[in-house]
Amino acid sequence: MQLDILTLLVMTAVNLVLVSVALPVIMGRRISGAARCAQLSLQAQMLGWVAALASSYWWEPALSTVSIAFIGLSHWLMFRAMGGWLGTRNGERWLLGLMVLAPLGYALGFGYYPFRVGWSNLCLAGTLLILAYATLFPLRKVSRAWRWMLCACIASMALLNIGRGVLGAFFTQLYPNYLTPHPINLAASLGANMALMLTTVVVLVAWREEAEGRLRTLAMTDGLTGLLNRRGWTERAESMFANAQRYQQPLAMMMLDLDHFKRVNDTHGHEVGDKALKLFARLLRASRRTGDLVGRLGGEEFCIVLANTHRSASVGFDHRLRSVLREAAEKELGFAMDFSAGVAVLKDGDATLAGLLARADAALYEAKNAGRGRLIQSDGGVGHTVI
């Protein structure tokens, strides 16, 4: 079967137009910056191909330069999308540099065909290789399948661009224009169609994975304070508990309850009560160390797991938190606030997280019964006052 380059290019441009229209409809308006960049990348790719086809009939120097610029822009936008999904930004400056140099060198050297073809294709191959590299080392936990598929797809297109650049630069008689039916040019044109299909699939899979991750986060996050809710906190605390047991590391658990919170709601209103909860959550988050785990278990009850922490360190944490709470509450709420706390330290006999949590909760109950505004430390079921 005879393959016609122009037909392949038209098919690619038409498919890009359809994808550029379909993706926003499928994905909707409320999407992340990464998903938006992926959409814009395909739209820029579409404009590049349309400009390339139009350059065969009108204003070739201007439209072909615009085509190179839009294709380079599409690579950078896809790089930004990968950065949003994978958390990596390595190589962005190099990619931006090549993105600018590709159309600039092409325009300046337009009168010399071997240079402009070699320069533009090699620059664009460079942007593709940087993009492929960015998919290999994610900073976030994402599926390998779509990353590897995208990497293979982009790397293949980069190699075809290199082949087309070398062909145009050193074998001009075999590749006098971009419609020449040379095997490398045919492969590049077919590859562009396949790359479009695979990239569209990858974008949809990555977008779905991102949406699922956002739903998981919402399911484990307290909507008011932004802390982990009971479910999310328990899931991560179980892991911390297991590690502490396995490696025989110290671990302390503190249950905290805002004193007289019902009075705050009754006197100042629920809006101020919500503000007080958010303030306390913010101070808890700011006071913890890296590795400590904070959650809101319900109502005005919070819990923090202090990693690698002995009995005395939990007392120091309690002092610091009370101090900043008194100062911040007076300043931001206009009245003083305090809390009751119970702490339990991991012992050899603690078989489950639930058991450790129950001891901390019992100590908190004692603190409230003893007059509030204090820390009670559990000692194997029998608490004794620390503050």
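None of the values given here were measured: they were computed from a predicted structure. (Residues numbered from 1 in each chain as written. Predicted model: local features only at pLDDT ≥ 70, side-chain atom pairs only at ≥ 80, totals over all residues. Heavy atoms only, no water.)

Peer 1: Could you clarify how one ought to interpret the nonpolar core in this entry?
Peer 2: One broad rule of soluble globular proteins: the nonpolar side chains tend to lie buried together. Ranked by internal contacts, the top residues of the largest apolar core, which has 44 residues, are Ala81, Met82, Trp85, Trp146 and Val203. Breaking this core down by element, the ones donating at least two residues are α1 (5–27), α2 (33–54), α3 (60–86), α5 (113–134), α6 (144–170) and α7 (183–219). If we ignore the near neighbours within four places in the chain, the residues touching Trp146 are Met82, Trp85, Leu86, Val202, Val205, Ala206 and Glu209. Counting residues in hydrophobic clusters, the runner-up holds 32 residues, among them Met254, Leu258, Leu283 and Leu306. (Core = buried A, V, L, I, M, F, W, Y, C linked by side-chain atoms within 4.5 Å. Buried < 20%, exposed > 50% of the residue type's maximum accessible area, 1.4 Å probe, protein only. Helix = DSSP H or I, 4+ residues; strand = E, 2+ residues; numbered from the N terminus. Contact = heavy atoms within 4.5 Å.)

Peer 1: Would you explain the pairing of strand β3 (residues 301–307) in this entry?
Peer 2: In regular strands, side chains alternate between the two faces of the sheet. Of all seven residues in β3, seven are buried; the element is thus mostly enclosed. Pairing geometry for strand β1 (residues 251–258) and β3, over seven bridges, is antiparallel. In the strand pairing of β3, Met254 is matched with Ile304. Relative to β3, strand β2 (residues 293–298) runs antiparallel, the two being bridged by five bridges. Bridged to Leu293 within β3 is Val305. The antiparallel hairpin formed by β2 and β3 contains two residues in its connecting segment, where Gly299 sits at a positive phi of about 55°. (Pairing = 2+ DSSP bridges.)

Peer 1: Looking at this model, I keep getting lost on the layout of surface pockets. Mind explaining?
Peer 2: Where empty space is left becomes clear once a probe the size of a water molecule has been rolled over the atoms. Computed from the structure, the largest pocket encloses a volume of approximately 980 Å³. Trp49, Ile71, Leu124, Asn161 and Arg164 are, among the 45 residues lining the largest pocket, the residues nearest its centre. Among the secondary structure elements, those contributing two or more residues to the lining of the largest pocket are α1, α2, α3, α5, α6 and α7. Looking at the lining of the largest pocket, its residues break down into 25 nonpolar, 17 polar and three charged. In this structure, the second largest pocket occupies an estimated 340 Å³ of space. (1 Å grid on protein atoms, 1.4 Å probe; cavity = no way out; pocket = protein on both sides within 12 Å on 5 of 7 lines; lining within 4 Å. Points joined across faces, edges and corners; volume = space filled by probe spheres on them. Nonpolar A, V, L, I, M, F, W, Y, C, P; charged D, E, K, R; others polar.)

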